[in-house]
Amino acid sequence: MVLPNHGANPLHLYKQAGITPPEQIVDFSENVHPFGPPAFLAEQWPKMLERVGTYPDPQGEPFRTAAAKFHQVKVDQLAIGNGAAEIFTWLARRYRNQQVVLIEPAFSEYRQTLESENVQIRVIQLGPENGWKLTLEKLQPAIVGCTALYICNPQNPTGILLDLDTLKKIAQACLNQNCELVLDEAFIDFIGEQVSFMPFLQEFPNVIIVRSMTKMYAIPGLRLGYAVSQTETIDQLKQGAAHWNVNALSAAIGADCLKAASYRLKVIGAASAERQKMQQFFSRNHCRTTDSAANFLSFQLPDPYDSQAFFVELLKKGMVLRHTESFRGMDGKWFRIGMKSTENMEKLREAIAAWLEVN
Ligand SMILES: Cc1ncc(COP(=O)(O)O)c(C=O)c1O
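Residues numbered from 1 in each chain as written. Predicted model: local features only at pLDDT ≥ 70, side-chain atom pairs only at ≥ 80, totals over all residues. Heavy atoms only, no water.

In the annotation of an unreviewed UniProt entry, the chain is listed under the name Aminotransferase and assigned to Planococcus kocurii. Here the chain is described in UniProt, under the heading Cofactor (unreviewed entry), as follows: "pyridoxal 5'-phosphate". (UniProt positions renumbered as here; feature names shortened; annotations may be inferred.)

See the structure below:
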C-alpha cells in the first residue's frame, strides 16, 4: 500500500488507504498540541473582521517587532513567512544548484524544496544503533564543499535535542568551511527558550534560525513562521517572497501569542508528562523508542515486520499514527506520535496493548 507522506490531513490518508474513516478520528500524526490556541483568540475573534478589509503590513507587522522583542534581536534580523514552510522555499532558492547536507531521517519538506531548486543533497544518515545521535565526527567530512547544512533541533521525527555546546561546535565547523547552518527550531518551544541557539547568532553570522508558531500556539491553519539571522542574509531571503506574504490576522494574532507565557508553561508541562507516560508504556511493552525531548516521539513494535498491519488496524479504530515509509532510515518500521490529551493518549495505549496481546 502506498501511503501519503504527510502528517495531518488524515482524510486523505483514509481515502488513499481505501478505508472508510470512522466517525471519530484522533490524529496523532501531526504534532500540534491538543489545547487549542490561547484563550484571547476566541475573545478577540469578532474584532478580527476589521483587519480583513485592509492590506496587511508587507513585513508582517506587528508580529515582526513582537518577535524581535521576544528574542532580543533587531527587527531587521527577522523575516516573517507564511509558516516556516514558506521559509524553506526561500532557503532552497538561496541554495539553487549548490550542495546541501541533510541529516536523515528528516522533515520531508527540506528535500522537496531543495530538489525543486536543483540542489544536490548529501546525506548524513542516522540510525538506532547510535541512538539517532549526530556527532561532529560524522559531520565534519560531510560539510566540506557544501553551501549549507540543515539541522532540526529538536529533530523531527526522533525528538532528539542537541545541546548548545555541540551546536556551537557544529556552527564553528560550518563557519570554518564557509557553510551556512540552517537551524530549524520548529519544536524548540516545547522545551523552552533556554535551549534555543538565538543568543549565539551574533557570534555565528553563518546561522539562520527557522521558527514556527504553528505547534506551540496550535494555529496550523493561520500559517506563521519566521527566520532570524544577520540583516544582510534576511534581506536576501525576503527578496524571494511574495508581497504581503503574511496575512493581517496571522500578524496580529502571532504578536499576542508571544505574550502568552503561562499558556506556554502549561503546554510544555502537559507534553512532557504525556511523553514520559508513553515512554514508560513502550518500555514495559518491549517497544523501542527515540529519546525525545519534544512533544512527539517515535517508536517501533517488538516485531517491526508487523508495522503495516498494525498501522491499518489503528486507522480502522480511528487512530492515525505517522507512518515512516518516507523517513529515510526508519523505512516504515517506526511510527511517530504527537502528544494529545491524557484521555486520547490512554486510548492509544489501550489500542497498542490490545494489538500486542494477540500479535
Ligand atoms: C521540523 C518542521 N519544521 C517546519 C515545519 C513547518 O511548520 P509551519 O507549520 O510553520 O509551516 C514543520 C511542520 O510540520 C516541521 O515538522
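Further remarks concern the packing of helix α10 (residues 261–284) against helix α12 (residues 342–358). Where α10 meets α12, the axes come as close as 11 Å, and the angle between the chain directions of the two elements is 10 degrees. Comparing the axis directions of α10 and α12 gives the class roughly parallel. On α12, the residues touching Glu274, Lys277, Met278, Phe281 and Phe282 of α10 are Thr342, Met345, Leu348, Arg349, Ile352 and Ala353. Tallied by class, the residues present in the contact of α10 with α12 amount to 7 nonpolar, 1 polar and 3 charged. (Axes fitted to C-alpha atoms, helices over the stretch in contact; angles between N-to-C directions. Helix = DSSP H or I, 4+ residues; strand = E, 2+ residues; numbered from the N terminus. Parallel < 35°, antiparallel > 145°, perpendicular 65-115°, else oblique. Contact = heavy atoms within 4.5 Å. Nonpolar A, V, L, I, M, F, W, Y, C, P; charged D, E, K, R; others polar.)

Turning next to the sheet that holds strand β5 (residues 148–152). Taken together, the 7 strands give an open sheet; going across it, the order is β2-β8-β7-β6-β5-β3-β4, and neighbouring strands pair in mixed fashion. The strands lining the two open edges of the sheet, one partner per strand, are β2 (78–81) and β4 (120–125). In this sheet, neighbouring strand axes are inclined to one another by 20 degrees on average, regardless of whether the strands run parallel or antiparallel. Note that strand β6 (residues 180–184) and strand β7 (residues 207–212) share 4 bridges and pair parallel. (Pairing = 2+ DSSP bridges.)

What follows covers the sheet that holds strand β10 (residues 296–300). In space, the 4 strands of this open sheet follow the order β9-β10-β13-β12, with antiparallel pairing throughout. Edge positions in the open sheet fall to β9 (288–289) and β12 (322–323), since each of these has one partner strand only. Across 2 bridges, β9 lies against β10 in antiparallel orientation. Paired with Thr289 across the strands is Phe299, a residue of β10.

Turning to the site of the ligand, a few remarks are in order. In the vicinity of the ligand there are 14 residues, among which Asp184, Ser212, Thr214, Lys215 and Arg223 approach most closely. Within the side chain of Lys215, a nitrogen or oxygen atom sits 2.6 Å from an oxygen atom of the ligand. Class assignment of the residues belonging to the shell around the ligand gives a composition of 7 nonpolar, 4 polar and 3 charged. (Near = heavy atom within 4 Å. Polar contact = N/O pair within 3.5 Å; in protein donor to acceptor, adjacent residues only side chain to side chain.)

Moving on, we get to the pattern of salt bridges. Counting across every chain of the model gives 13 salt bridges. With its nearest N and O atoms 3.1 Å apart, the salt bridge here joins Arg111 to Glu104. According to the relative accessible area criterion, Arg111 is buried, its value standing at 16%. Owing to a relative accessible area of 4%, Glu104 belongs among the buried residues under this scheme. A salt bridge links Asp256 to Lys259; its shortest N-O distance comes to 2.8 Å. Salt bridges sharing partners connect three or more residues here, namely Glu104, Arg111, Glu115 and Arg328. (Salt bridge = Lys/Arg side-chain N within 4 Å of Asp/Glu carboxyl O. Buried < 20%, exposed > 50% of the residue type's maximum accessible area, 1.4 Å probe, protein only.)

This part is about the pairing of strand β13 (residues 335–338). Alternating residues of β13 divide into Phe335 and Ile337 and Arg336 and Gly338, and every residue in both groups is buried. Examined bridge by bridge, β10 and β13 share 4 bridges and lie antiparallel to one another. When the bridges of β13 are listed, Ser298 appears paired with Arg336.

Bringing empty space enclosed by the protein into the picture now. Applying the stated criterion across every chain, the model contains 3 cavities of 30 Å³ or more. In this structure, the largest cavity occupies an estimated 140 Å³ of space. If you trace the largest cavity, you find 15 residues lining it, with Ile103, Leu126, Ile151, Cys152 and Gln155 closest to the centre. Of all the elements in the fold, those that place two or more residues in the lining of the largest cavity are β3 (99–104) and β5. Tallying contributions element by element places β5 first for the lining of the largest cavity, with 3 residues. Here the lining of the largest cavity is built from residues that sort into 12 nonpolar, 2 polar and 1 charged. (1 Å grid on protein atoms, 1.4 Å probe; cavity = no way out; pocket = protein on both sides within 12 Å on 5 of 7 lines; lining within 4 Å. Points joined across faces, edges and corners; volume = space filled by probe spheres on them.)

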